[in-house]
Amino acid sequence: MKVRTFPKVVAVAAVILTLAVGIFAIQQVQPMASPLVATANAAQAQTVYLYMDILPGFKLGSDGKYHDAFSSWQMKVPAGAQVVLTVYNWDDMDHSFTSKELGVDVVFKPALKQGEPSATVIKFTAPQKPGTYEFHCKIPCDLENGEWSMSHQGYMIGQIVVVAP
Ligand SMILES: [Cu+2]
């Protein structure tokens, strides 16, 4: 990928989009309002909709350089929920969402063209056991920085935090 050609306007738009979907995602993981409904649907798993961008050369690292990153690198979901995660890849190369613990390994196609991300929907069931489950990108990336993103949490490493429903 070419960091220097990534236009600021796209970066700003991506940040705004990320914030918007982040707020939406937060709203989605609120516990059920009514205990009565929760009891009535005890056997029916809750569905949670999450959104994430993969942004090239987007996030400032402790090394003072900008790195590839997952926008929503830490996401909370209720235990046992059905998770529907939509991922937009804005980069001109592949990335992945890979987690042995969650049983998910999906590769994302590159952006269709600059400013037009590929979109991929991933579905998985959140573990029943509350805790922190790591995911990462398995495709060698952030190459101009020696793959720095791939070994740093919040860049190409993230977490699904499973909380008691
Ligand atoms: Cu990657």
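Cut-offs used in this document
- Residues numbered from 1 in each chain as written.
- Predicted model: local features only at pLDDT ≥ 70, side-chain atom pairs only at ≥ 80, totals over all residues.
- Heavy atoms only, no water.
- pLDDT = per-residue confidence, 0-100.
- Contact = heavy atoms within 4.5 Å.
- Donors = N, O, S within 2.8 Å, 3.2 Å for Na, K, Ca; no water.
- Tetrahedral: all angles 85-135°; square planar, octahedral: opposite > 155°, others 65-115°.
- Helix = DSSP H or I, 4+ residues; strand = E, 2+ residues; numbered from the N terminus.
- Buried < 20%, exposed > 50% of the residue type's maximum accessible area, 1.4 Å probe, protein only.
- Pairing = 2+ DSSP bridges.
- Polar contact = N/O pair within 3.5 Å; in protein donor to acceptor, adjacent residues only side chain to side chain.
- Core = buried A, V, L, I, M, F, W, Y, C linked by side-chain atoms within 4.5 Å.
- Phe/Tyr/Trp six-rings, centres within 6.5 Å; stacked < 30°, edge-to-face > 60°.
- Lys NZ or Arg CZ within 6 Å of the ring centre and 35° of its normal.

### Things to note about the confidence of the model for the protein
Thinking step 1. Mean pLDDT over the protein works out to 84, with 73% of the residues at or above the 70 mark.
Thinking step 2. Segment residues 21–31: pLDDT under 50, and ten contacts once partners within four positions in sequence are set aside and those in other chains are kept.
Thinking step 3. Low pLDDT, under 50, characterises residues 36–41; the predicted model gives this stretch one contact beyond four residues in sequence or across chains.

### Here's the deal with the coordination of the copper ion
For a metal with four tetrahedral donors the ideal donor-metal-donor angle is 109.5 degrees, while six octahedral donors give ideal angles of 90 or 180 degrees.
Thinking step 1. Note on the copper ion: its protein donors are His95 (ND1), Cys137 (SG), Cys141 (SG) and Met156 (SD). The metal-donor distances range over 2.0 to 2.5 Å.
Thinking step 2. Between the four donor atoms coordinating the copper ion, the angles at the centre fall across 98 to 118°, so the site counts as tetrahedral.
Thinking step 3. For the copper ion, the single-chain donor residues occur in sequence as H-x41-C-x3-C-x14-M. Of this pair, His95 sits in strand E5 (residues 95–99) while Met156 sits in the loop between strand E8 (131–136) and strand E9 (157–163), and the two are 61 residues apart along the sequence. Both residues of the pair, His95 and Met156, count as buried.

### Some words on the pairing of strand E6 (residues 104–108)
The two faces of the sheet receive side chains in turn, since in a regular strand these alternate between them.
Thinking step 1. In this structure, E5 lies alongside E6, joined through five bridges in antiparallel fashion. Looking across to E6, one finds that Ser96 is bridged to Val107.
Thinking step 2. Where E5 folds back on E6, the antiparallel hairpin that results is connected by four residues, among which Gly103 adopts a positive phi of roughly 70°.

### Details of the environment of Thr125
Thinking step 1. Structurally, Thr125 is set in strand E7 (residues 118–125).
Thinking step 2. Given a relative accessible area of 42%, Thr125 falls into the partly exposed group.
Thinking step 3. Counting along the chain gives 77 residues from Thr125 to Val48, while the straight-line C-alpha distance between them is 9.8 Å.
Thinking step 4. Excluding residues that lie within four positions of it along the chain, Thr125 makes contacts with Gly80, Ala81 and Gln82.
Thinking step 5. Polar side-chain contacts of Thr125 include one of 3.4 Å to the side chain of Gln82.

### Details of the nonpolar core
Thinking step 1. Judged by nonpolar contacts, the single largest core of 28 residues is most densely connected at Met52, Val77, Leu85, Phe97, Ile122 and Ile160.
Thinking step 2. Contributing elements (two or more residues each) for this core: strand E1 (47–60), strand E3 (74–78), strand E4 (82–89), E6, E7, E8 and E9.
Thinking step 3. Once you skip the residues sitting within four places of it in the chain, Met52 turns out to touch Phe70, Ser71, Ser72, Met75, Leu85, Thr86, Val87, Tyr88, Phe97 and Phe135.

### Looking at unusual backbone geometry
Thinking step 1. The backbone of Asp142 sits at a positive phi, close to 55°, despite the residue not being glycine.
Thinking step 2. You can see Asp142 is positioned in the loop between E8 and E9.
Thinking step 3. Positive phi values are uncommon outside glycine, yet Glu147 reaches one of about 60°.
Thinking step 4. As for its placement among the helices and strands, Glu147 is situated in the loop between E8 and E9.
Thinking step 5. On the accessibility criterion, Glu147 (34% relative accessible area) is partly exposed.

### Let's talk about the packing of aromatic side chains
Any pair of aromatic rings gets described here by the distance separating the centres and the angle formed by the planes.
Thinking step 1. Tallied over the full model, the rule gives four aromatic pairs.
Thinking step 2. The interplanar angle of 70° and the centroid separation of 5.1 Å between the aromatic rings of Phe70 and Phe135 together place this pair among those described as edge-to-face. In this pair, Phe70 is assigned in strand E2 (residues 66–70) and Phe135 in strand E8, connecting sequence segments 65 residues apart.
Thinking step 3. For Phe70, a relative accessible area of 1% gives the class buried.
Thinking step 4. Relative to Tyr155, the ring of Trp148 lies with its centre 4.8 Å away and its plane at 85°, an arrangement referred to as edge-to-face.
Thinking step 5. Every member of this aromatic cluster is reached through a ring pair, and the members are Phe70, Phe97, Phe124 and Phe135.
Thinking step 6. The ring of Tyr155 has Lys59 lying over it, and the distance from NZ or CZ to the ring centre is 4.8 Å.

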